[in-house]
Amino acid sequence: MATIQDLFDVTGKVAVVTGGSRGIGFMIAETLVDNGVRVYITARKAAACDSAAEALAQRGECVSIPADLSDTNEVARFAAAIGEREERVDILVNNAGATWGAPIDEFPESGFDKVMDVNVKAPFFLTQALLPRLRASGTADDPARVIMIGSIDGIAVSATDNFPYGASKAGVHMLARHLSSKLVGDHITVNAIAPGPFESKMMAFVLDDPAGRAAVEAGVPRGRIGSPEDIGGTVIYLSSRAGAYLTGTVIPVDGGLRT
């Protein structure tokens with residue numbers, strides 16, 4: 001019988017985490033680094049990306065490669081930079097995201113385009129660009145893993161006026177399912193995580209206000225917002241032997257918010 005160490009060990013794997021300089025992306029990168037994974041993080045702001053990687057490198061292996069993944073030329077440059085450093089990629093976490101809120105009568109096309117470009121288009125084309133490295137990693141017993149970070153807003157309607165955000169995250173969930181069906185023969189699994197409220201820039205407008213934080217926590221059946229262990233543990237599960245038979249799934253990590 002496999003031990004806990006056998007089931008959840010990810011030591012020696014190579015991971016790419018987009019949007020890894022802060023929020024959920026940083027939590028995921030931190031968990032992977034702490035568990036012996038060599039992690040490459042990217043973010044649009046170079047200084048923030050470099051600073052986050054420097055902090056994580058005190059705990060393990062972490063490299064910063066800043067890029068604006070809303071630009072397909074930047075996607076290609078970033079993938080090439082990974083290819084120059086690694087023969088394989090074992091774990092790709094497509095986490096980078098954007099949101100935009102405005103009343104329905106005033107919502108700008110530029111805001112809609114930005115959200116869809118970052119949240120849906122970028123994960124697809126980065127996965128496409130890294131397929132040679134993912135295929136080089138995957139085997140029948142230990143497939144390569146692509147993990148899409150969706151949102152609970154892609155499952156249930158948000159109370160805020162972030163119209164393209166929920167639509168984009170629903171698209172991310174379906175994209176994970178569609179990619180999983182196409183890549184299963186290449187020994188690559190594709191799954192999505194749908195987080196509820198976590199500490200992030202997107203949630204700061206609510207969580208930085210004590211009354212807002214209390215209201216959010218009161219609305220979550222578990223009575224709190226998510227922690228690094230909650231999101232990091234789910235990523236470890238999907239990245240390890242324990243999650244090797246899972247593909248095409250969407251896992252809500254939301255404290256029971258949308259049950």
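Quick note: structure is the one above.
Small disclaimer: the values here were computed from a predicted structure and weren't measured.

Caption draft 1: Structural view of the sheet that holds strand E6 (residues 188–195). The seven strands lie next to each other as E3-E2-E1-E4-E5-E6-E7, forming an open sheet whose pairing is parallel. At either end of the open sheet lies a strand with only one pairing partner, and these are strand E3 (62–64) and strand E7 (250–253). The mean angle between the axes of side-by-side strands here comes to 20°, regardless of whether they run parallel or antiparallel. Two strands pair when backbone bridges link them, and strand E1 (residues 14–18) and strand E4 (residues 91–94) are joined in this way by three bridges, in the parallel orientation. Following the sheet pairing, Val17 is matched in E4 by Val93. Where helix H2 (residues 23–34) meets the sheet, its contacts fall on E1, strand E2 (38–42), E3, E4, strand E5 (144–149) and E6, and the angle it forms with E1 comes to roughly 170°.

Caption draft 2: Structural view of the pattern of salt bridges. Tallied over the full model, the rule gives 11 salt bridges. For Lys13, the salt bridge goes to Asp142, with nearest N and O atoms at 3.0 Å. On the criterion of sequence distance, the pair formed by Lys13 in the loop between helix H1 (4–8) and E1 and Asp142 in the loop between helix H5 (109–137) and E5 is long-range, its members being 129 residues apart. According to the relative accessible area criterion, Lys13 is buried, its value standing at 10%. The salt bridge partner of Arg38 is Glu86, with a shortest N-O separation of 2.7 Å. Pair noted here: Arg38 is in strand E2 and Glu86 is in the loop between helix H4 (72–85) and E4, with a separation of 48 residues, a long-range link. Judged by relative accessible area, Arg38 falls into the partly exposed class, the value being 25%.

Caption draft 3: Spatial organisation of H2. With 12 residues, H2 should reach 16 Å at 1.5 Å per residue; the first-to-last C-alpha distance of 17 Å fits that figure. Burial runs high along H2: 10 of the 12 residues are buried. Those residues of H2 lying buried are Gly23, Ile24, Gly25, Met27, Ile28, Ala29, Glu30, Thr31, Leu32 and Val33. Positive phi appears at Gly36, one or two residues downstream of H2, with a value of about 85°.

What counts and how
- Residues numbered from 1 in each chain as written.
- Predicted model: local features only at pLDDT ≥ 70, side-chain atom pairs only at ≥ 80, totals over all residues.
- Heavy atoms only, no water.
- Pairing = 2+ DSSP bridges.
- Helix = DSSP H or I, 4+ residues; strand = E, 2+ residues; numbered from the N terminus.
- Axes fitted to C-alpha atoms, helices over the stretch in contact; angles between N-to-C directions.
- Contact = heavy atoms within 4.5 Å.
- Salt bridge = Lys/Arg side-chain N within 4 Å of Asp/Glu carboxyl O.
- Buried < 20%, exposed > 50% of the residue type's maximum accessible area, 1.4 Å probe, protein only.
- Expected span 1.5 Å × (residues − 1).

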